[in-house]
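Reading the structure
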Amino acid sequence: MNYYVLFGPPGAGKGTFAKLLVEHKGYYHISTGDLLRKEIAAGTPLGLEAKSLIEKGNLVPDEVVCGMIRSEFGANAGVRGFLLDGFPRTVAQAEALDKILADMGAELTRVVSIYITDDEVRRRIKGRAAVENRADDADDEIITTRIRNYHEKTEPVINYYKAQGKYFEVVADGTIEQNYKKVEVLID
Ligand code: AMP
């Protein structure tokens, strides 16, 4: 069983590449952002807790997303492999993921990181706001908070995986098709 992390700042294209990898490779896609948005839409207590944090551009607590990941693995045991999109976003989450996988007798296969500049993050998120109708994509201040959280809390995850020899990076400076090909090579 393969377990991949698709890593990168908001707007890097993690979700787009995950969907293409599902089509081409038959892996199972887990997006913690999508799962949280479903909880919000369903009005669950977890969704209510997450909503105010997401709307400000802040991260939800590590325990919440780690619990989601654990139950998604449990509920989809028969698949070919997993693509984690938007998780882990902190070193504590990366450590928890190693523990969750070890408990299942598994380990992470590799991390495929998609690099774009902060200016490009802003440009892409704003382009996506109109299409996906996400409040956290539409506001400059919220985008700034998300970029800051990415640098402060998520970027340190890169060194965690480099130390394990599992970190591979793609510079996403081409078309979607060109960038996807680079991602696919690393997954293969
Ligand atoms: P995304 O769809 O991945 O951009 O996630 C949207 C929002 O959901 C993020 O800005 C966070 O507020 C929250 N979120 C998603 N995944 C995580 C995670 N792994 N840890 C903490 N918060 C998360």
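In what follows, the accompanying structure is described. (Residues numbered from 1 in each chain as written. Predicted model: local features only at pLDDT ≥ 70, side-chain atom pairs only at ≥ 80, totals over all residues. Heavy atoms only, no water.)

**Comments concerning the nonpolar core**
Ranked by internal contacts, the top residues of the largest apolar core, which has 30 residues, are Val5, Leu36, Phe73, Leu84, Leu97, Leu108 and Tyr161. Counting residues per element, the ones that place at least two in this core are β1 (2-7), α2 (32-42), α3 (45-56), α4 (62-75), β3 (81-85), α5 (91-103) and α9 (156-163). Of the residues forming this core, the biggest block, 6 residues, is contributed by α4. Contact partners of Leu97, with chain neighbours within four places excluded, come to Val5, Ile69, Phe73, Leu84, Phe87, Pro88, Leu108 and Tyr161. Judged by nonpolar contacts, the second largest core, of 21 residues, contains Leu21, Leu83, Ile125 and Ile147. (Core = buried A, V, L, I, M, F, W, Y, C linked by side-chain atoms within 4.5 Å. Buried < 20%, exposed > 50% of the residue type's maximum accessible area, 1.4 Å probe, protein only. Helix = DSSP H or I, 4+ residues; strand = E, 2+ residues; numbered from the N terminus. Contact = heavy atoms within 4.5 Å.)

**A short note on the site of the ligand**
In the vicinity of the ligand, 15 residues are found, and the nearest of them are Thr32, Arg37, Asn58, Gly86 and Gln93. Separating a nitrogen atom of the ligand from a backbone N or O atom of Val60 is a distance of 3.1 Å. Arg134 is positioned such that a nitrogen or oxygen atom in its side chain is 3.2 Å from an oxygen atom of the ligand. Coverage of the ligand by the protein amounts to 96% of the 470 Å² it exposes when considered alone. With 4 residues, α2 is the single largest residue contributor to the shell around the ligand. Within the shell around the ligand, the residues separate by chemical class into 6 nonpolar, 5 polar and 4 charged. (Near = heavy atom within 4 Å. Polar contact = N/O pair within 3.5 Å; in protein donor to acceptor, adjacent residues only side chain to side chain. Areas by Shrake-Rupley, 256 points an atom, 1.4 Å probe, with all protein chains shown as cover. Nonpolar A, V, L, I, M, F, W, Y, C, P; charged D, E, K, R; others polar.)

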